[in-house]
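So the chains spell out like this:
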Amino acid sequence: MIPAKVKIVEVGPRDGLQNEKDFVATATKIELVNRLSRAGLQNVESASFVSPKWVPQMADGGAVLAGIERRPGTIYSVLTPNMRGFEGALEAKADEIVIFGAASEAFSQKNINCSIAESIARFEPVAKATKDAGLRLRASISCALGCPYQGEVPVAAVVDVVERMKALGCDEIDIADTIGVGTPARTREVLAAASRVFPRERLSGHFHDTYGQAIGNIYAALEEGIEIFHASVAGLGGCPYAKGATGNVATEDVVYLMNGLGIETGVNLDQLVEIGDFISRAIGKPSASRAGKALLAKKLAGAAPCV
Ligand code: HMG
Ligand code: MG
């Protein structure tokens, strides 16, 4: 049955901005996170504590976390690949630690420079330290619907990593379509298999929209009973280690879909459209959100009478 309510995890400040070539000012990142939480997003992935040599855009994670206003009840998540990242995240008072692995060996090597098994070994102390600190632990599994290097990824490979992440004590696990190749039937198949080994209400869909399939995949995931979706305002982003991959599905498009289905998100769509416009202008790129662009055009048309 389709859920009555979903949680949207906003990943724009992290997944969205990490791929920007020109450094986005820390103040802009802070303003983006603040505006998103004010618009009702209860979980904002705000930064990464990764090697600045690998992802220079995320080098200011500590300053971003230090500068944001903390809205009570909002979860501010950060990516941490190892203990060094965890220590930075702890000092920055992140609420949720995100470890990130892959269902594809090739992508694991390209993204975090180690095999899947080595990555799990690195995540073990991070998971333990996260639990000891009383923080939430989430895991992201890249290439769950296909890999830019190896192509097809077997469902069994995804399930295997879900089981390993579960053993680490993860509160939530993200099934990520890094390069947006998945289609609805495959999405359902993978989510159904994952939910046989991990509670479905704690699985999330993280869909990049490269092939325009993300909204279809989200609908398929809803039919599979999934209640958590990741999205990026203005459809910002891509992955530095997945060439050609575009951003996540736009948050405006997801909220528009949910509103139409009568599914509660707690997110104010009008505010979100303005945030999409704000960040698109700040980085000098047009928004990739179809709903965002349409709603903004409608608003502007309403404000300025035709002559
Ligand atoms: P490495 O080179 O194998 O590791 O990188 P290392 O331990 O040899 O460290 C290399 C250098 O980085 C050293 O500095 C370390 O001190 C430093 P040097 O001695 O050369 O001056 N270092 C760090 N600095 C700051 N924070 C840290 C840290 N760790 C080491 N935490 C490593 C291994 C994992 C560190 C590297 O590969 C890395 O940082 N990768 C990050 C990749 C990344 O962020 N990718 C994008 C996010 S994942 C994603 O977008 C997918 C997702 O959205 C889901 C989906 O869509 O698929 C989540
Ligand atoms: Mg991603």
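Residues numbered from 1 in each chain as written. Chains lettered and ligands numbered in written order. Predicted model: local features only at pLDDT ≥ 70, side-chain atom pairs only at ≥ 80, totals over all residues. Heavy atoms only, no water.

*Asks:* Tell me about the coordination of the magnesium ion (ligand 2), residues and numbers included.
*Replies:* The protein atoms donating to the magnesium ion (ligand 2) are Asp15 (OD), His206 (NE2) and His208 (NE2), with metal-donor distances spanning 2.0 to 2.3 Å. Here the donor residues of the magnesium ion (ligand 2) are spaced in sequence according to D-x190-H-x1-H. (Donors = N, O, S within 2.8 Å, 3.2 Å for Na, K, Ca; no water.)

*Asks:* Got a sec to walk through the pattern of salt bridges? Specific residues and values, please.
*Replies:* A full pass over the atoms with the stated rule returns 22 salt bridges. Taken together, the shared-partner salt bridges in this structure form one network comprising Lys7, Arg14, Asp15, Glu45, Glu96, Arg136, Arg138, Glu172 and Asp174. (Salt bridge = Lys/Arg side-chain N within 4 Å of Asp/Glu carboxyl O.)

*Asks:* Lay out the sheet that holds strand 3 (residues 75–79) in plain terms, naming residues and giving numbers.
*Replies:* With parallel pairing, 8 strands are arranged side by side around a closed barrel as 1-2-3-4-5-6-7-8. Adjacent strand axes in the sheet meet at a mean angle of 25° when their direction is disregarded. Pairing analysis gives 5 bridges linking strand 6 (residues 172–177) to strand 7 (residues 203–207), with the strands arranged parallel. Looking at strand 7, one finds that Ile175 is bridged to Gly205. Lying over the sheet, helix 6 (residues 116–132) contacts strand 4 (96–102) and strand 5 (136–142), oriented at roughly 170° with respect to strand 4. (Pairing = 2+ DSSP bridges. Helix = DSSP H or I, 4+ residues; strand = E, 2+ residues; numbered from the N terminus. Axes fitted to C-alpha atoms, helices over the stretch in contact; angles between N-to-C directions. Contact = heavy atoms within 4.5 Å.)

*Asks:* Before we move on, could you go through helix 6 and cite the residues and values that matter?
*Replies:* Between its first and last C-alpha, helix 6 extends 24 Å over 17 residues, near the 24 Å set by a 1.5 Å rise per residue. Considering bend angle alone, the principal kink of helix 6 is centred on Phe123 and spans about 30°; proline Pro125 follows within four residues of it. Those residues of helix 6 that are buried lie in contact with helix 4 (83–91), strand 4, helix 5 (105–112), strand 5 and helix 7 (155–167). Backbone geometry just downstream of helix 6 places Gly134 in the positive-phi region, at approximately 75°. (Expected span 1.5 Å × (residues − 1). Bend = angle between axes of the 7 residues up to and from the residue.)

*Asks:* Give me the lowdown on the site of ligand 1, citing residues and values where you can.
*Replies:* Around ligand 1, the structure places 26 residues, and the nearest of them are Lys53, Arg84, Asn113, Ser142 and Thr178. Within the side chain of Asn113, an N or O atom sits 2.7 Å from an oxygen atom of ligand 1. Interatomic distance of 3.0 Å between a side-chain N/O atom of His208 and an oxygen atom of ligand 1. Relative to its unbound accessible area of 1,100 Å², ligand 1 is 76% covered by the protein chains. At the level of secondary structure, the elements contributing two or more residues to the shell around ligand 1 comprise helix 1 (12–16), helix 4, helix 5 and strand 5. Of the residues assigned to the shell around ligand 1, the class counts are 10 nonpolar, 11 polar and 5 charged. (Near = heavy atom within 4 Å. Polar contact = N/O pair within 3.5 Å; in protein donor to acceptor, adjacent residues only side chain to side chain. Areas by Shrake-Rupley, 256 points an atom, 1.4 Å probe, with all protein chains shown as cover. Nonpolar A, V, L, I, M, F, W, Y, C, P; charged D, E, K, R; others polar.)

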